[in-house]
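Secondary and tertiary structure notes
The residues making up each chain are set out below.
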Amino acid sequence: MSKSDLSSFHEALLNAKRILAVCGAGLSASSGIPTFRGAGGMWRKHNALELATPEAFRKDPGLVWQFYSLRRHKALTSSPNAAHYALAELARKRPPPEFLTLTQNVDGLSEAAGHVNCPLSDPLKSIEYLHGSLYHVRCARVWCRYSRFDISDPIVPSLLVPSEGLDGDEASWTSDVELPRCPQCKTGLLRPGVVWFGEELDSQMLKRIQQYIERDPVDLCIVIGTSGTVYPAAGYANLVKAQGGKVAIVDIDCSVRGNADWLFEGDAAKLIPEMLE
Ligand SMILES: CC(C)NC(=O)[C@H](Cc1c[nH]c2ccccc12)NC(=O)[C@H](CCCC/N=C(/NCCC(=O)O)S[C@H]1O[C@H](COP(=O)(O)OP(=O)(O)OC[C@H]2O[C@@H](n3cnc4c(N)ncnc43)[C@H](O)[C@@H]2O)[C@@H](O)[C@H]1O)NC(=O)OCc1ccccc1
């Protein structure tokens, strides 16, 4: 059986009682959302991964807010692709606890495709947002609990994304911009409600995922458009493999991908609908 044998994958999907999907930036790539490692992971001479840290925000909140204002603008003006819809469709056909999706993406495109958690099946989830959302903002002061859902674009006038976008010339952007402030404590800056490097993921969520994987063996793990370099997200497929479950990897470049039962090389937006039909 070749590793890209769709019929054996379909059979495994059909017979699977518990399925896990782990998604990364590659899932949203063909919706026009840049990946982290695409374009060398650089945004204006800054390493995107370095901007996603509490240290960067402490050092230059204006720069970090420009980075996130652009990503909010990009995500708000982008649409889900066929892979987002196919995953949402499978979630409807295989309600919790049959199918759980873990996404590292903060762009809201899975949600926009209707891939949402049904309150009736609480506390069981269809999808877990490992790294938060661009549309959830909260006070940066640890003792202030203020937060809100916010899709305004820009979130404050001075963070308007110049028409030529932020990748344009430096001049179009200054760092002493008027930043969004906390309306509750009046002293704190608001920050994007995403999990930055060095920050803990939501412990309740991590417990739910652990229970999902440990309660009954996961038969099939589908790893979609992720370089598998960021933890704990990158560890779940190996956990499934260690339990005797099977792993399928979908990536535009499978050349460096190791121990999987299936390797489907290509655009997730094209392959996922075929795999999940
Ligand atoms: C870099 C890495 C080594 N560092 C970590 O993992 C760290 C530290 C760490 C913890 N445990 C470890 C164990 C070992 C080593 C290090 C660690 N983890 C943390 O800090 C986590 C928090 C991590 C979350 C960070 N926040 C993000 N996002 C939100 C913000 C934001 O988005 O701005 S991570 C962010 O980057 C990651 C990017 O990875 P991908 O999504 O995979 O994207 P990438 O561009 O890399 O790859 C895209 C893939 O798609 C493919 N592709 C492209 N186009 C397509 C296409 N069209 N179709 C299909 N595939 C495609 C490409 O080929 C490629 O393979 C995503 O997770 C994304 O969410 N917190 C934590 O563990 O807390 C406790 C703790 C803390 C400290 C020390 C110990 C314990």
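Residues numbered from 1 in each chain as written. Predicted model: local features only at pLDDT ≥ 70, side-chain atom pairs only at ≥ 80, totals over all residues. Heavy atoms only, no water.

**Observations regarding the environment of Tyr68**
We apply this condition: Here a helix means four or more residues in a row that DSSP labels H or I, a strand means two or more in a row labelled E, and each is numbered from the N terminus. Any two residues whose heavy atoms approach within 4.5 Å at even a single point are treated as in contact.
With respect to the helices and strands, the residue Tyr68 is situated in helix H5 (residues 61-76). Along the sequence, Tyr68 and Ala52 sit 16 residues apart, while their C-alpha atoms lie 9.2 Å from each other. Here Tyr68 is in contact with Leu51, Ala52, Leu134, Pro192, Val194 and Trp196, once residues within four sequence places are set aside.

**Observations concerning the sheet that holds strand S5 (residues 127-129)**
Spelled out, the test is: Think of it this way: DSSP has to see at least two bridges between two strands before they count as a pair. Interaxial angle, 0 to 180 degrees, is taken between N-to-C directions of lines fitted to C-alpha atoms, where a helix line uses only the stretch in contact.
Strand order in the open sheet formed by six strands is S5-S4-S1-S9-S10-S11, with parallel pairing between adjacent strands. The sheet is open, and its two borders are formed by S5 and strand S11 (262-265), each paired with just one other strand. Sheet twist, expressed as the mean angle between neighbouring strand axes with direction ignored, is 15°. In this structure, strand S4 (residues 99-103) lies alongside S5, joined through three bridges in parallel fashion.

**So, the domain arrangement of the protein chain**
The criterion, for reference: Residue ranges assigned to each domain were obtained from an automatic or database domain assignment. Note on terms: buried area is the combined drop in 1.4 Å-probe accessible area of two parts once they are placed together, counting the loss on both. Criterion for a salt bridge: a side-chain nitrogen of Lys or Arg within 4 Å of a carboxyl oxygen of Asp or Glu. N or O atoms within 3.5 Å of each other form a polar contact, as long as, within protein, one can give a hydrogen and the other can take it, and as long as residues adjacent in sequence are counted only when both atoms are side-chain atoms. The nonpolar class holds Ala, Val, Leu, Ile, Met, Phe, Trp, Tyr, Cys and Pro. Asp, Glu, Lys and Arg form the charged class, and all remaining residues, Gly among them, are polar.
Domains assigned within the protein chain are domain 1 (1-33 + 80-131 + 202-277) and domain 2 (34-77 + 132-194). For domain 1 and domain 2, the distance between their C-alpha centroids amounts to 28 Å. The partner domain 2 presents 13 residues to the 15 residues of domain 1 that form the contact. When domain 1 packs against domain 2, close to 950 Å² is buried across both sides, 59% of that on carbon and sulfur atoms. In this structure, the connection of domain 1 to domain 2 is made through zero salt bridges. Linking domain 1 to domain 2 there are four residue pairs in polar contact (both at pLDDT 80 or more). Considering only residue class, the side of domain 1 that touches domain 2 consists of seven nonpolar, seven polar and one charged.

**Here's the deal with the sheet that holds strand S7 (residues 147-149)**
Taken together, three strands build an open sheet; the order of strands is S7-S6-S8 and the sheet is antiparallel. Every other strand in the sheet has two partners, leaving S7 and strand S8 (190-194) as the edge strands with one partner each. Between one strand and the next, the sheet's axes are offset by a mean angle of 35°, whatever the strand orientation. For strand S6 (residues 132-139) and S8, the ladder comprises four bridges, and the chain directions are antiparallel.

**Focus on the pattern of salt bridges**
Put simply, the rule reads: Partly exposed describes any residue whose relative accessible area lies between the buried limit of under 20% and the exposed limit of over 50%, with all areas from a 1.4 Å probe on protein chains only and scaled to the type maximum.
For the structure shown, the criterion picks out 11 salt bridges. The partner of Asp150 in a salt bridge is Arg72, with the nearest N and O atoms 2.8 Å apart. Pair noted here: Asp150 is in the loop between S7 and S8 and Arg72 is in helix H5, with a separation of 78 residues, a long-range link. Side by side, Asp150 and Arg72 carry an identical accessibility label, which is buried. For Glu199, the salt bridge identified is with Arg191, shortest N-O distance 2.8 Å. With relative accessibility at 22%, the residue Glu199 sits in the partly exposed group.

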